[in-house]
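Here is how the chains run, residue by residue.
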Amino acid sequence: MAKCVVCGKPGVYTDRLTGRVLCKKHFLEHFDRKVRRTIRRYEMLGRREHIVVATSGGKDSLSLLHYLYGLSKNVPGWRISALLIDEGIKGYREYTVKDMLRVVEDLGIPYRIVSFKEYFGLTLDEIVETGKKRGLPYLPCSYCGVFRRYLLNRIAREMGATVLATAHNLDDTIQTFLLNVLRNSWERVVRQGPVTGIIDHPKFVRRIKPFVEVTEKETATYALLQGLVMPEFYECPYVHYNVRVSIRRFINELEERHPGIKYSMLRSMLTVIDLLTKNHSLKGEISECRICGEPSSHEICRACFYRYKLGIMESREMVVAEEVFKHKKP
Ligand SMILES: [Zn+2]
Ligand SMILES: [Zn+2]
């Protein structure tokens with residue numbers, strides 16, 4: 001690779017947009033500047049915070065954990081913990097859990113691991129099987145996403161988090177944006193900004209995305225340079241059923257032909273969120289789920305709705321669900 005434009009040492013990273021080559025030291029400086037600017041720009045963190053980092057054990061979330069831990073050393077009022085949700089995906093999650101444990105033990109970061117099995121009685125693999133048997137549409141990523149977000153909020157709150165940090169990067173964020181636009185899900189667009197501010201409920205933990213302006217390639221480079229992930233790459237076996245794969249390919253092709261389009265999409269998303277937030281009808285009422293008591297925009301939250309559909313609910317909960325769903329089509 002060519003030499004670093006700053007110091008002339010061997011380069012480790014090339015910025016596709018500007019063509020600038022950077023060495024390890026200058027890449028890490030560039031990365032740090034970028035993330036600090038994001039945190040400032042969106043007012044993500046205050047002086048006193050207990051930051052719980054949602055950690056999957058993949059390169060993005062380990063990078064976020066490692067980065068925020070480094071940053072917290074200079075801020076006396078900050079505490080960092082890690083939270084991993086084990087969905088129960090055989091041949092995948094057990095490996096990333098190992099990577100996560102290596103990093104948290106290395107840095108001495110307190111952590112919690114909770115599983116779908118202990119909270120819902122089934123692993124994701126078993127949920128997918130149950131759905132099949134009951135003739136429900138094949139939606140592994142929907143079950144996974146709903147149950148994971150549910151546990152992240154609930155457990156982060158139990159851990160005393162003032163803020164929940166997730167590792168969504170620029171690529172993830174604009175993929176989700178486009179996905180929601182294609183599905184006409186504008187209430188979701190509003191909730192997927194760099195800071196989730198619209199949900200105003202005491203049981204809802206504020207969510208931030210400090211990596212929202214860094215690309216997938218930048219977080220991968222950071223993880224590699226800091227030795228956070230093993231060279232083997234593990235892929236979720238359900239990934240191919242997710243429409244996100246096509247959207248990712250589409251956006252990457254666009255970026256290839258029109259460099260800079262990813263940032264432009266992020267700016268579009270921010271404008272749209274701003275406009276929609278002013279439109280109060282989209283805010284909706286946030287109350288508490290009649291079954292589990294977690295914050296929800298419906299009488300019964302999405303997680304309890306899926307538990308009902310899957311038949312993994314206690315009979316007294318079932319009574320409430322039947323009563324609600326009898327009257328309306330969910
Ligand atoms: Zn350099
Ligand atoms: Zn619920």
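This text goes with the structure placed above it.
Residues numbered from 1 in each chain as written. Chains lettered and ligands numbered in written order. Predicted model: local features only at pLDDT ≥ 70, side-chain atom pairs only at ≥ 80, totals over all residues.

**Let's talk about the pairing of strand E3 (residues 49-54)**
Successive side chains on a regular strand alternate, one facing one side of the sheet and the next facing the other. Burial analysis of E3 places 5 of its 6 residues in the buried class, the great majority of the element. Handedness of the crossover is the feature at issue here: the chain leaves E3, passes through helix H2 (residues 59-72), returns alongside strand E4 (residues 78-86), and the resulting connection is right-handed. Across 3 bridges, the pairing between E3 and strand E6 (residues 163-165) is parallel. If you follow valine 53 over to E6, its bridge partner there is alanine 165. (Buried ≥ 20, exposed ≤ 12 C-beta atoms within 10 Å, placed from the backbone. Helix = DSSP H or I, 4+ residues; strand = E, 2+ residues; numbered from the N terminus. Right-handed = clockwise from strand over helix to strand, strands pointing away. Pairing = 2+ DSSP bridges.)

**A closer look at the sheet that holds E4**
Taken in spatial order, the 6 strands of this open sheet run E5-E4-E3-E6-E8-E7, and their pairing is mixed. In the strand order of this sheet, the two ends are held by strand E5 (111-115) and strand E7 (195-196), each with one partner. Its contacts with the sheet place helix H3 (residues 93-107) against E4 and E5, and it is angled at close to 165° to E4. (Contact = placed C-beta atoms within 7 Å. Axes fitted to C-alpha atoms, helices over the stretch in contact; angles between N-to-C directions.)

**Side note on the packing of helix H7 (residues 170-182) against helix H10 (residues 244-257)**
One can describe the packing of H7 onto H10 by two numbers: an axis separation of 10 Å at closest approach and a directional angle of 115°. As judged from the angle between their axes, H7 and H10 are roughly perpendicular. At the point where H7 passes H10, the crossing takes the right-handed sense. Every residue of H10 that contacts H7 at Ile174, Gln175, Leu178 and Leu179 is listed here: Arg244, Ile247, Arg248 and Ile251. Class assignment of the residues belonging to the contact of H7 with H10 gives a composition of 5 nonpolar, 1 polar and 2 charged. (Parallel < 35°, antiparallel > 145°, perpendicular 65-115°, else oblique. Left-handed = near helix turned anticlockwise from the far one by under 90°. Nonpolar A, V, L, I, M, F, W, Y, C, P; charged D, E, K, R; others polar.)

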